[in-house]
Structures are given as structure tokens and as C-alpha cells.
Amino acid sequence: MNDVCAEDAAAEAPLLTIAGLTVSLPIYGDRPEALSDIELAIHPGETLCLVGESGSGKSVIGQAILGMLPYALRVKSGLLKFDGLVMPPQRDLAFGAIRSAQISMIFQDAAACLNPVRTIGSQLSEILAVHDVIRRDRMARVLEVLQDVALPEPERMARSYPHELSGGQAQRAVIAAALLLKPKLLIADEPTTALDVTTQSEILSLLDHLKKIRGLSMLFITHDFGVVAEIADRVAVMRDGHLVETGNTRDVLSQPQHPYTQKLIAATRPKPQQHNSGGDIPILEAHGINLIYRSSFLSKRKVLRAVKNVSLRVDRGKTVAVVGESGSGKSSLAKALLRLEDIESGSITFKGTEISDLKGASLREMRRSFQVVLQDPFSALNPRQTILSAVSEGPIMHGVSVKDAQKKATDMIKLVGLSDQAGERYPQEFSGGQRQRICIARALVLTPDLLIADEAVSALDVSIQAQILDLFADMQKRFGFAMLFITHDLVVARAIADEILVMKSGEIVEKGPSGQILEAPKHPYTAKLLAAAPGSDLFAQGISP
Amino acid sequence: MTGYIISRLFRAVVTMLLTVSMVFLFIRFSGDPAAALVPPDAPQEVIDQYAEAMGLDKPLWQQYSGYVGGLLQGNFGFSIHTGIAVEEVFLDRLPHTLQLGITALFLAIAIGIPIGAFAAVQRGSVLDRFLMGVSVLAFAMPNFLFGLILILVAALSFKTFLGGENAHVIWPALTLGLASMGSFARFTRSSVLETINAPYVRAAEARGIPFHIRLSHHVVPNAAIPMVTLIGLSLGSLVAGSVVTEQVFAWPGVGQLLVRSVATRDLAQVQFIVLVVAFTMVMANLVVDMLYLVIDPRIRVK
């Protein structure tokens, strides 16, 4: 986090050294080696950030340190030296106990890393049990570590099941599990990628705090240079299994040497798109809409006001972004506008027609004119359907002949930047970014008047995000659809939107042109969201490109 | 949680009521029961007499309310041929069927689940493929075929007859259990595979939890959830599942009684067996739903 600490650390012998580590991929892999001749050192008390896109091999390094490489990967050469001990990067029984006690790991999807049918307390005390802590002491240590990660009411947390915790609380519980045995090295593999910005910023400062008070070393794996700016002492940049650049955080951020590093840093701050001018033709208008969820009649009556008195307008060729954290009601708003949920009161007009009470066939006909792109491009495509069939399905359903539909689909697949042969292939042959292109092609082939993108770039690496945002903007220029872009990320919102609406607890707390919202936020909540965005301090000082 | 219990009880009662009504309607619409009783050339007056004696001349809703009222008082009717109360005939047969069904289910669980778990842990090995091949064969084969082969081999080679009242229960039980053994094995395998690769199991490995504890504390409790459903369904078909096997082995159980009653058009008897089968199915599902409360904490909060 600060330079003094990093320089002190460099003077001491490293806690962990990785020497000449080469790991080969199975023959069907997309390259021969997962890791090629990696040389890396982590000093006591230091946070080293390993940065790279998905598939760059950064997680494989973490797995090798833990001795948990997948069986399909083979170590060709290389050694690890941890705390004076030389150990192999392979799975190894002799060092298993040392590794699990002194090196801990936390993962991206915290909730999935907790056994759903057992309480947090029992899962934590199990770790103590297998590492020979006597029964009497276990509960006290569990409560102590839950306190350390700042979970409220540790006793109650220990009795809770994973599904009773929020995303941020689950990540804290997983951090608690990792710290329980007082390890010397903590490996954090994308621990905040799945979280909201404000929760992300809380977890980052928690990790930084714990690192300092416990004198931990940390290997922090991420794809986001914003996170690097927040937490790293040193940075190592990876690409296709090679280390391309290593250095102090400040140096790398201010003077990146390798073009790849420059590209990754630039992607953290996507340039605002050239916004389309003219054409104040409203496509979608909503006035004072309210959406209320009621629970079923047998259980206790609960009423949740998910959307409160929201009005908005999206014009042809324009993009409106709705920004808010999870639970703010932004997805409920989208469902209400798409008529997937019935609104309590208010009006929704689409191209001048009231649609809040449409039913049956006229509703179905209307739906063709608004299309959706969702967050997870992996589950949004049927794995047994070719790309061409997925993209042409929509027009065929709406009465276009198979031949014409396939021609339209082929053109659209090319237009979103995929190769000529892509149509014959299956979704699993494509990367996350390419799959999102397919989803966009599938939505646009129906020539919609309105496109709703629900967190459409949130599951992607920062560098891929920028490309997909460009694609959205290009397509909008070409086809002139109106777009409602739902996101938790203000940086993304600024890059794509003409106007931003900030949502909190179902209400719109601030709305305005995107430049104005980001430069001069009026509502304290907007200001808080802006401050929480990773890297905001450092980039604000003008160190960024 | 109370809401969950109430809704499941409510659902069980509604299912039972629907079954009772459907059985009533099907039997009324499958032909005139009075005409079925008398010889084909009997004059119309005789048929009418029978109908009057059985209350079939009353309007349908009166027949229905009388029928449901009778059921609630434990009045299930009498066998047309012997005049014995249908439940007595049934209860006479039930122990045989339960003996057969429970032995078969025990064999299926005791052999099928370990085979499936073993195949999952050894995934991709020759042994895994062999065990899964055998499992597919076991449940793809009509289960009477295995029974017939058993009887044939025993009779020709060992000069013994494996059927009849005095034969050992293990032979029909093996026959009946083989099919469910196959599906238990395959189901266990996929259920274990799904959990063994779950992130929380990998996380437990990273925390130094040894393999056998990962298996017993993390994989089994999660893999057990879908297995409980499957075992519950098998429990529900204990009474009805053995019709063919009982017939092949001349086993004096409920299945054989059902076949015989259908053949002799003993409507009251058929009706009672169908109701009991539906009732055990509904009860088994209710038990499974309640078991979920115990094994899956995610349901408790709803």
C-alpha cells in the first residue's frame, strides 16, 4: 500500500520464491504451456498483485503454490522455496500440512466456497480440528477470527448457514476461514470481482488492514488495474503464461513499459463514447411506476416495495444507464419495463402506446421490439445449439423464412466481429467476450427499437469490457435503437450512457447527463459510489495514462 | 417453516382427494359395473336389479358422496366373489409384498449406492465404465427377464423351483431390486460427481481437510439431498412396484392379488388397491418433504 513498507520488505529474504516454473497444458489446450518459466518472489509483509486477463495463467500460479494443480496439468520444471523450505510445485503429501497451515487461499465466489448444509461455525472449527487444535479452544478461536474480519454478532454468524449471509458477509467468512490457522501467506484469487463496488472497497480495506496487523504477505490475483492501485505494493503482469512486466505499483501505473500493460491500464478507464446527437423521439417512457412484491399467502405477509415512483425516458439512438448496488431495485425496474412483472401503478408507454396493461398476443408482438442482453454469457447460450441456429431462431419464430433468417443471422454474426465460420460452431468454443458478442447478435437480429442490457459487461475482464462497450456503441450508431443499460459500475455507465439514473432502495436519487453526474455528483450516495470505485484516488491524482 | 409444513400437508390431502375422485370416475365410465357382473346374455331387468341393489340408479353426486363417506368411515367394500371385506384380503397379502419390496429396496440401496459412489471417485477408469455399463443394462432390461433366467437356470441345473410361497425371498427380491440398483448407482454417481467438484469441496482441500473428511462431511451431506428424493419414490412404489415380479415367481403378494382382481373384474378390490398405492405414494412424498427440513437448511427459512 505504501512505498516505505515495500522497500523494507525488499531488504529481507523473500517469504516465497518461485524459480523457473513451467507447467504444460494437456494437448487439447489452446497453447502448449499454462506457465512458461515464471520467476517471482514475495517478501514478508508485501502485497504482490498478479494481473492478467482470464486464461493468462495467473490462477495456475496460486494453485501451484498451494500444491493443488489440476490433475490435467503437468509440471515440467521449477521449484518453490517457502520460508526456507524447498518444495515441489506438484501435489505432494509431505508438504501438505505445512502448505494448508501456512498458506491460505480465498476465492472469487465466496458463497460457493462454503458448504451450504453446514453452519459457518462448524466449517471453521473443522479446520481447527484437522490441524490438531483441542476441542476446548476451537470455539473461542472461531469467534475471535470472526471478530477480526469485522462480522457483526460473531456468535450469531457462527450459528448461521451460508445462505443466510450477504455476499460481502460470505466473503468475510471465507477470509476468516483463511486466517484461522494464522498463515504467513494469503493467496486471494479475484476475491472482490463478484461484489458491488462499495462492498468491494470494504473487503479491500479489510484485507489491507489484516495484512498490516498480522504481518501477512499477500498474493492478490486480479484482472483489474483499479484494484491494483488500491492494494498492491508490487505488480506482476501476465499474458499467455508469461510474465511480461514486474515492478513497484507506482512505477508500473505511471510508466508501464510493456504495450500489453499499457493496454490493460487504459481499459480501466474506458473513454466515453462519441454520443449520438439529434432525434428526440421517445421510444420508452415511464411515469411514476411502482412495483410491489408480495410473498405467498401461507407464510407471513411480507410486502417489498422494489420500485418506488420511478419515471424515465429513453430516446431513439440514446443510452440511459441505471446505476445502483444489488438490491437497489434496478433489475426489478427492468422487469417492470419489460412487462415481466406487473406494476402497481404508473404508466409505461412504448413508441407512444400504453403497454402497462397489454396482454396475450399483443404483448408478445410488442416484445419483439425490445430485446435483452444479460450478465452471464456462459449460461445465456444453449451449449447444444450452434451459433447460427441460436441467432436465427428469433426471426424464424417471428415468421421469417429459414433461408432469409439464416442469411440475416450470418450477416449479424459478422457484424458483431466474429469470423465467417463462427456460425457452425458451438458456444463452448468461444471465450466470454465472444459469447457476449453472440448474445448481442441474437438480440439485434430482430432489429429491436429498445435494447435492455442487464449488467451485460459485469462478468467480463476489464479489457474485454471496453471492447464490448465499443460494440454496443457501434451497433447503436448503425441501427439507432434506444438502450437502457443497467449496471453497478459508474465507470461503465459513463463510458456508454448519455444520461445516468442513480438508484437506491427502489428510488431514483439522482439523474442527469453522464458527464455531470461523474464530475459533480449532487447526492451523497452517488459521491459514495464514486469514491468506492477501485483506483479512484490514484487515478484522480493524474498518475494514470 | 410452518408455512412449508402446512402447504405440504395441504397438498397431500388435495392429491388424495383427487385420486379418490378419479378412481371413482374411471370406474363409473369404464362401463356399467352391474352389466359386468352378470352373464352377457342376462335380460335388462336383471341388470337393473343389480344396479338398484348396488345403488347405481342414484344420481352421480349421491353415489360419490356415499362413496367418500364410506371411505372416511373405513367402509371400503366387499369382494364381489368371496364377500370378504377388501381390506382383509389385502392385509392378508401385504406382509408378503412388504417382505419382498423391503428386501429388494435394501439390496438396491446397499449395492447401488456404494457402486455409484465408488464409480464417481474413480471417474473415467475402466472400472467406472464397467460398473456404469452393468447399471445401464440392469435398469434397461425388463425386470421379469432376469427372473425368468434365474428360474430357468435353477430348474435346469439345480433341479429346484425358485417360485411359489415357500421359496426364498432373495430370488424375487434380486429380480425386483436389480433395476432400482442400476438407477441408484447411476444417480449416486452423478450426484457425487456434482458435489465432489463443487467449489466448497476444493476450498476445503485448500484448507487442509483430508480426503475422507471432505467426503464424509462435505460431499455426502450435499449429495444425499437428491438421493432422499429417489429413495422416497422407491418407498412409495413398495406396494405397487412388484406386480410383474410377483406374477413371475408366483409370490402371494398384493401384486398378484391385483392382477387376479382385474382379471375377475373384482371392482371393489381393484379400487381399494389403487387407493392404497396412491396413499403410500403420497405419504412417501410427504415424508421426503419433511426430511428435507432436516437435511437442507436452505428450506428451513422459507
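Details of the structure are given in the entry above.
Notes on the structure follow. Note that the structure is predicted; figures quoted are calculated from it, not measured. (Residues numbered from 1 in each chain as written. Chains lettered and ligands numbered in written order. Predicted model: local features only at pLDDT ≥ 70, side-chain atom pairs only at ≥ 80, totals over all residues. Heavy atoms only, no water.)

### Concerning the overall build of chain B
Right, so step 1: The helix and strand inventory of chain B stands at 14 helices and zero strands.
Right, so step 2: Across the 302 residues that make up chain B, the buried fraction comes to 44%.
Right, so step 3: Just so you have it, chain B exposes about 16000 Å², and 70% of that area is on carbon and sulfur atoms. (Helix = DSSP H or I, 4+ residues; strand = E, 2+ residues; numbered from the N terminus. Buried < 20%, exposed > 50% of the residue type's maximum accessible area, 1.4 Å probe, protein only. Areas by Shrake-Rupley, 256 points an atom, 1.4 Å probe, with all protein chains shown as cover.)

### Digging into the pairing of strand β8 (residues 217–222) of chain A
Residue and element names in this part refer to chain A.
Right, so step 1: Among the six residues that make up β8, six are buried, leaving the element largely enclosed by the rest of the structure.
Right, so step 2: Judged by which residues are buried, β8 turns out to be covered on both faces: S217, L219 and I221 on one side and M218, F220 and T222 on the other are all buried.
Right, so step 3: Pairing between strand β3 (residues 47–51) and β8: five bridges, direction parallel. Note that in β8 the partner of C49 across the bridge is F220.
Right, so step 4: As defined by bridge partners, strand β7 (residues 185–189) adjoins β8 across five bridges and the pair is classed as parallel. Counted as the bridge partner of L185 is S217 from β8. (Pairing = 2+ DSSP bridges.)

### Structural notes on the pattern of salt bridges
Should the charged atoms of two oppositely charged side chains come close, the side chains can pair.
Residues and elements named next belong to chain A.
Right, so step 1: For the structure shown, the criterion picks out 22 salt bridges over all chains.
Right, so step 2: E126 serves as the salt-bridge partner of R118, at 3.4 Å between the closest nitrogen and oxygen. In terms of burial, R118 and E126 fall into one category: buried.
Right, so step 3: K212 is the salt-bridge partner of D208, the closest N and O atoms lying 3.1 Å from each other. Of this pair, D208 and K212 are both found in helix α8 (residues 197–214), four residues apart, which corresponds to roughly one turn of the helix.
Right, so step 4: One salt-bridge network, in which partners are shared between bridges, spans R316, K351 and D449. (Salt bridge = Lys/Arg side-chain N within 4 Å of Asp/Glu carboxyl O.)

### Quick look at the environment of T447 of chain A
Residue and element names in this part refer to chain A.
Right, so step 1: Looking at the secondary structure, you find T447 in the loop between α16 (432–444) and β17 (450–454).
Right, so step 2: Taking relative accessible area as the criterion, T447 reaches 52% and is therefore assigned exposed.
Right, so step 3: In sequence terms T447 and Q371 are 76 residues apart; their C-alpha atoms lie 8.8 Å from each other.

### Some words on the interface of chain B and chain A
Right, so step 1: Between chain B and chain A, the contact holds 25 residues from the first and 23 residues from the second.
Right, so step 2: Carbon and sulfur atoms make up 64% of the surface buried where chain B meets chain A, a total of about 2200 Å² over both sides.
Right, so step 3: If you sort the residues of chain B by the area they bury against chain A, R202, A206 and R207 of chain B come out on top, with a joint share of 29%.
Right, so step 4: Inspection of the region where chain B meets chain A yields zero salt bridges.
Right, so step 5: Across the contact surface, chain B and chain A share eight residue pairs in polar contact (both at pLDDT 80 or more).
Right, so step 6: Looking at the side of chain B that touches chain A, the elements that each hand over two or more residues are α1 (2–29), α9 (199–206), α10 (211–236) and α14 (297–300) of chain B.
Right, so step 7: Here the residues of the side of chain B that touches chain A sort into 13 nonpolar, six polar and six charged. (Contact = heavy atoms within 4.5 Å. Buried area = accessible area lost by both parts, 1.4 Å probe. Polar contact = N/O pair within 3.5 Å; in protein donor to acceptor, adjacent residues only side chain to side chain. Nonpolar A, V, L, I, M, F, W, Y, C, P; charged D, E, K, R; others polar.)

### Topic: the packing of helix α4 (residues 120–130) of chain A against helix α7 (residues 167–179) of chain A
Residue and element names in this part refer to chain A.
Right, so step 1: Where α4 contacts α7, the axes come no closer than 9 Å and their chain directions differ by 20°. With respect to their mutual orientation, α4 and α7 come out roughly parallel. As for the relative orientation of α4 and α7, their crossing is right-handed in sense. Residue-level contacts link I120, L124 and I127 of α4 to A173, A176 and A177 of α7.
Right, so step 2: Of the residues assigned to the contact of α4 with α7, the class counts are six nonpolar, no polar and no charged. (Axes fitted to C-alpha atoms, helices over the stretch in contact; angles between N-to-C directions. Parallel < 35°, antiparallel > 145°, perpendicular 65-115°, else oblique. Left-handed = near helix turned anticlockwise from the far one by under 90°.)

### Digging into the sheet that holds strand β14 (residues 345–350) of chain A
Residues and elements named next belong to chain A.
Right, so step 1: Read from one edge to the other, the open sheet built from four strands follows the order β12-β11-β14-β15, with strand pairing classed as antiparallel. Edge strands, defined here as strands with exactly one partner in the open sheet, are β12 (303–315) and β15 (353–354).
Right, so step 2: In this sheet, β14 lies alongside strand β11 (residues 282–294) in antiparallel orientation, the contact comprising five bridges. Paired with N290 across the two strands is S345, which belongs to β14.
Right, so step 3: Sheet strands in contact with helix α12 (residues 330–337) are β11, β12 and β14, and its direction is about 115° off that of β11.

### Describing a negative patch on the surface
Right, so step 1: Judged by side-chain charge, E45, D48, E52 and D57 of chain B come together as a negatively charged surface patch.
Right, so step 2: When you line up the elements, D48 of chain B lands in helix α3 (residues 44–53). (Patch = residues over 30% accessible without salt bridge, like charges linked within 9 Å, V, L, I, M, F, W, Y side chains within 5 Å. Lys, Arg positive; Asp, Glu negative; His and termini not counted. Charge placed at Lys NZ, Arg CZ, Asp CG, Glu CD.)

### Quick look at the nonpolar core
All names here are of chain A.
Right, so step 1: Of all hydrophobic cores here, the largest spans 92 residues; its most connected members are I61, L124 and F225.
Right, so step 2: It is α7 that provides the largest number of residues to this core, a total of eight residues.
Right, so step 3: If we ignore the near neighbours within four places in the chain, the residues touching F225 are V51, V235, V237, V252, L253, T261, L264, I265 and T268.
Right, so step 4: Counting residues in hydrophobic clusters, the runner-up holds 51 residues, among them V391, I413, L418 and V502. (Core = buried A, V, L, I, M, F, W, Y, C linked by side-chain atoms within 4.5 Å.)

### So, the state of the cysteines
All names here are of chain A.
Right, so step 1: A full pass over the atoms with the stated rule returns zero disulfides over all chains.
Right, so step 2: No disulfide involves C113; its sulfur sits 19 Å from the nearest other cysteine sulfur, which is in C49.
Right, so step 3: With a relative accessible area of 3%, C113 lands in the buried category. (Disulfide = S-S within 2.5 Å.)

### Considering the sheet that holds β7 of chain A
All names here are of chain A.
Right, so step 1: If you trace the six strands from one edge of the open sheet to the other, you get β6-β7-β8-β3-β9-β10, paired in mixed fashion. Two strands lie at the open edges of the sheet, namely β6 (103–106) and β10 (242–248), each paired on one side alone. Across the sheet, the mean angle from the axis of one strand to that of its neighbour is 15°, orientation sign disregarded.

### What about a nonpolar patch on the surface?
Residues and elements named next belong to chain B.
Right, so step 1: Judged by side-chain polarity, F144, L145, L148, I149, V153, F158 and V244 come together as a nonpolar surface patch covering roughly 610 Å² of accessible area.
Right, so step 2: Per-element accounting of the nonpolar patch gives the leading share, six residues, to helix α7 (residues 143–158).
Right, so step 3: The residue F158 is located in helix α7 in this model.
Right, so step 4: The class for F158 is exposed, based on a relative accessible area of 60%.

### Notes on the packing of aromatic side chains
Right, so step 1: With the rule as written, the count across this model stands at six aromatic pairs over all chains.
Right, so step 2: Taken together, a centroid distance of 5.6 Å and an interplanar angle of 90° make the contact between F472 of chain A and F485 of chain A edge-to-face. Of this pair, F472 of chain A sits in helix α17 (residues 462–479) while F485 of chain A is found in strand β18 (residues 482–487), placing the two residues 13 residues apart along the sequence. The two residues F472 of chain A and F485 of chain A agree in class, both being buried.
Right, so step 3: Look at F90 of chain B and F272 of chain B: their rings are 5.3 Å apart centre to centre, the planes differ by 85°, and that puts the pair in the edge-to-face class. Taken together, the residues span a long stretch of sequence, with F90 of chain B in helix α5 (residues 86–121) and F272 of chain B in helix α13 (residues 267–295) at a distance of 182 residues. Across the pair, F272 of chain B and F90 of chain B agree in class, each one buried.
Right, so step 4: A connected cluster of aromatic rings, assembled from ring pairs, spans F24, Y64 and Y67 of chain B.
Right, so step 5: One Lys or Arg, R425 of chain A, reaches over the ring of F430 of chain A and ends 4.7 Å from the middle of that ring. (Phe/Tyr/Trp six-rings, centres within 6.5 Å; stacked < 30°, edge-to-face > 60°. Lys NZ or Arg CZ within 6 Å of the ring centre and 35° of its normal.)

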